[in-house]
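Observations on the three-dimensional arrangement
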Amino acid sequence: LDFDAAFTKEAFTAASRLVADDIGQYEAYRAEDHFADGRVPDADLPSILSGKAPARGYDNPTILAVHLGMEALDVALATHILDRAEREGCGTELPA
């Protein structure tokens with residue numbers, strides 16, 4: 001089963017935004033004929049999380065998110081790093 005099999009052209013068209021976890025990886029797969037009916041992502045997840053790209057703010061709130069990487073591992077590692085930083089009293093908390 002191709003990981004892009006669940007995404008129809010209609011889904012891409014209906015969404016106000018397309019977000020990918022990694023635009024470079026998404027585009028590499030498009031070059032291999034995956035997501036052939038898809039458009040270029042409007043933003044990547046790191047840009048949204050860092051505030052460089054808006055998360056919302058469109059009339060149509062439908063966002064199609066394409067996750068190709070292993071974010072679950074990233075979240076688990078980030079949680080471990082945060083716990084350790086808090087335990088050791090180091091790091092800088094950034095504003096939300």
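Since the model is a prediction, treat every value here as computed from it, not as a measurement.

To continue, consider the overall build of the protein chain. Within the protein chain, the secondary structure is distributed over 4 helices and 3 strands. From first element to last, N terminus to C terminus, the protein chain shows the α and β order α-β-α-β-α-β-α. Counting all 96 residues of the protein chain, 22% fall into the buried class. Residue pairs at least 24 apart in sequence account for 67% of intrachain contacts in the protein chain once pairs closer than 6 positions are excluded. When the accessible area of the protein chain is evaluated, it comes to approximately 7000 Å², of which 56% is carbon and sulfur surface.

Pairing within the open sheet is parallel, and its 3 strands lie in the order β2-β1-β3. Looking along the sheet, the strands with just one partner apiece sit at the ends: β2 (43-44) and β3 (63-66). Pairing of strand β1 (residues 17-20) with β3 involves 4 bridges; the strand directions are parallel. What sits directly across from A20, in β3, is V66. Helix-sheet contacts for helix α2 (residues 23-31) involve β1, β2 and β3, and the interaxial angle to β1 is about 100°.

Covered by surrounding structure in β1 are R17 and V19 together with L18 and A20, the residues of both alternating faces. Sheet topology note: the β1/β2 ladder contains 2 bridges and is parallel. Bridging from a neighbouring strand, V19 pairs with A43 of β2.

All right, on to the environment of R39 then. As for its placement among the helices and strands, R39 is situated in the loop between α2 and β2. The class of R39 is partly exposed, set by a relative accessible area of 25%. Separated by 12 residues in the primary sequence, R39 and E27 have C-alpha atoms spaced 9.7 Å apart. In this structure the side chain of R39 is engaged in a polar contact, spanning 3.5 Å, whose partner is the backbone oxygen of S16.

In this section: the confidence of the model for the protein chain. In the predicted model, the protein chain carries a mean pLDDT of 81, and 90% of its residues have values of at least 70. Model confidence for the protein chain, summarised as mean pLDDT per element, is weakest for helix α4 (residues 71-88) at 80 and strongest for β2 at 90.

Taken as a whole, this structure holds 1 aromatic pair when the rule is applied. With 4.8 Å between their ring centres and 25° between their planes, Y26 and F35 make a pair best called stacked. The same class applies to Y26 as to F35, namely buried.

What counts, and at which threshold
- Residues numbered from 1 in each chain as written.
- Predicted model: local features only at pLDDT ≥ 70, side-chain atom pairs only at ≥ 80, totals over all residues.
- Heavy atoms only, no water.
- Helix = DSSP H or I, 4+ residues; strand = E, 2+ residues; numbered from the N terminus.
- Buried < 20%, exposed > 50% of the residue type's maximum accessible area, 1.4 Å probe, protein only.
- Contact = heavy atoms within 4.5 Å.
- Areas by Shrake-Rupley, 256 points an atom, 1.4 Å probe, with all protein chains shown as cover.
- Pairing = 2+ DSSP bridges.
- Axes fitted to C-alpha atoms, helices over the stretch in contact; angles between N-to-C directions.
- Polar contact = N/O pair within 3.5 Å; in protein donor to acceptor, adjacent residues only side chain to side chain.
- pLDDT = per-residue confidence, 0-100.
- Phe/Tyr/Trp six-rings, centres within 6.5 Å; stacked < 30°, edge-to-face > 60°.

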